Amino acid sequence: MSKIAFVYPGQGVQKVKMGFDFYEASSDAKETVELASKITGVDVKALLYEDNEDINQTEYTQLALVCTYILMTDEITKKGIKPDYTAGLSLGEYAALYATNSLAKSDALALIRKRGILMQNSSPDVDGAMAAIVGLDAETIEEVTNNIEGAYVANYNCPGQIVITGERKALEKCCEELKARGARRALMLNVSGAFHSPYMNDAAKGLEEALMDVEIGKLDCPYVANATGEIVENADEVKGLLVKQVSSSVLFEKGVRRMVEEGVDTIVEIGPGKTVAGFVKKICPEVKVIGVQTLADVETLVEELRG
């Protein structure tokens, strides 16, 4: 029997007016945006739908994306479509938990706002950066980062694409070495921190404190944790995994393979862009990916799944 996974992309796909047609058409979407504003003190409607630079700053980006993922998910589930598994890339893990009904909407929004602030402000004395390495195997990349102080692997996205993280000068050195070893591309990314590295340890501690007052309920379906790439069914494990995720590598490729092993043959990519689809095509090309970026896409999804 076919199994469906809801999967959410990470930072970098954000754009002004993402999900605006959902907001215009749905009172539930409007309520979600209003709730996000009330909880966080941010004018989320303006952040999402008016031209601004804040949407590209980590402390706001994470809130903008998770709010959008939540309102999109609500419209999908209202059509009776429920996931067998969920997963998310970095911040997308919070939307994935929301989709399991284990994390209340208000808690998901409050937590992601706190996480964004913590990550933006962690290790302020470090010139943090990230770089995408294309066309080189993981073992070679790990060997290089292990030998250069201040460099780490951030994301195992898919075969042939890995992101490294750390102190900027260390990463520049890594990029030179990796290109010498055969990387097709080694590109510094436009981000403001060394995310998913030990430089985020302060953010992890702050998140651990924030999670103390949050209830993680029973999961309606399993989800995949970034920090382990494994399927999680026990709610008691969730908080520790969210804390670990901030400063550890994101094992996205492993997580996709685990879901496929469990019978997932259709992935619904919820959110702007086609990042997840691109990764899945290289990880498990036999898996069908259906993207939901617009309200019309929800209707297309219903038609495709119900045949």
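Our subject is the structure that appears above.
If you're wondering where the values come from, they're calculated on a predicted model, not measured in any experiment.

**Considering the packing of aromatic side chains**
Scanning all chains against the criterion turns up six aromatic pairs. Centre to centre, the rings of Tyr-23 and Tyr-49 are 5.0 Å apart; their planes meet at 45°, and the pair counts as tilted. On the criterion of sequence distance, the pair formed by Tyr-23 in helix 1 (residues 20–25) and Tyr-49 in helix 3 (residues 44–49) is long-range, its members being 26 residues apart. When the ring of Tyr-152 is compared with that of Tyr-199, the centres are 6.2 Å apart and the planes differ by 80°; the resulting orientation is edge-to-face. With Tyr-152 in strand 4 (residues 151–158) and Tyr-199 in the loop between strand 6 (185–188) and helix 9 (201–211), this residue pair connects regions lying 47 residues apart in the sequence. A relative accessible area of 21% means that Tyr-199 is categorised as partly exposed. By the ring-pair criterion, three or more aromatic residues cluster together here, those being Phe-20, Tyr-23 and Tyr-49. It is Lys-30 that lies over the ring of Tyr-23; its NZ or CZ is 5.3 Å from the centre.

**Some thoughts on the packing of helix 9 against helix 10 (residues 238–247)**
Where helix 9 meets helix 10, the closest approach of the two axes is 8 Å, and the angle between their N-to-C directions is 160°. Considering their axes alone, helix 9 and helix 10 lie roughly antiparallel with respect to each other. The crossing of helix 9 and helix 10 is right-handed. Within the contact between the two elements, helix 9 uses Asn-201, Ala-203, Ala-204, Leu-207, Glu-208 and Leu-211 and helix 10 uses Lys-239, Leu-242, Val-243, Val-246 and Ser-247. For the contact of helix 9 with helix 10, the per-class residue count stands at seven nonpolar, two polar and two charged.

**A look at the pattern of salt bridges**
This model, assessed by the stated rule, comprises 14 salt bridges. Residue Arg-258 is joined to Glu-261 by a salt bridge in which the shortest nitrogen-to-oxygen separation is 2.9 Å. With Arg-258 and Glu-261 both in helix 11 (residues 252–261), this residue pair falls three residues apart, about one helical turn. Connected via shared salt-bridge partners are Glu-230, Lys-254, Arg-258, Glu-261 and Glu-262.

**Considering the sheet that holds strand 6**
Strand order in this open sheet of four strands is 4-5-3-6, and the pairing throughout is antiparallel. Among the strands making up the open sheet, the edge pair consists of strand 4 and strand 6. Pairs of neighbouring strands in the sheet enclose a mean axial angle of 20°, with direction left out of account. As paired elements, strand 3 (residues 128–134) and strand 6 share four bridges and run antiparallel to each other. Note that in strand 6 the partner of Ile-133 across the bridge is Ala-186. Here helix 7 (residues 138–146) sits on the sheet and contacts strand 3, strand 4 and strand 5 (161–167); the angle it forms with strand 4, its principal contact strand, is near 165°.

Cut-offs applied
- Residues numbered from 1 in each chain as written.
- Predicted model: local features only at pLDDT ≥ 70, side-chain atom pairs only at ≥ 80, totals over all residues.
- Heavy atoms only, no water.
- Phe/Tyr/Trp six-rings, centres within 6.5 Å; stacked < 30°, edge-to-face > 60°.
- Helix = DSSP H or I, 4+ residues; strand = E, 2+ residues; numbered from the N terminus.
- Buried < 20%, exposed > 50% of the residue type's maximum accessible area, 1.4 Å probe, protein only.
- Lys NZ or Arg CZ within 6 Å of the ring centre and 35° of its normal.
- Axes fitted to C-alpha atoms, helices over the stretch in contact; angles between N-to-C directions.
- Parallel < 35°, antiparallel > 145°, perpendicular 65-115°, else oblique.
- Left-handed = near helix turned anticlockwise from the far one by under 90°.
- Contact = heavy atoms within 4.5 Å.
- Nonpolar A, V, L, I, M, F, W, Y, C, P; charged D, E, K, R; others polar.
- Salt bridge = Lys/Arg side-chain N within 4 Å of Asp/Glu carboxyl O.
- Pairing = 2+ DSSP bridges.

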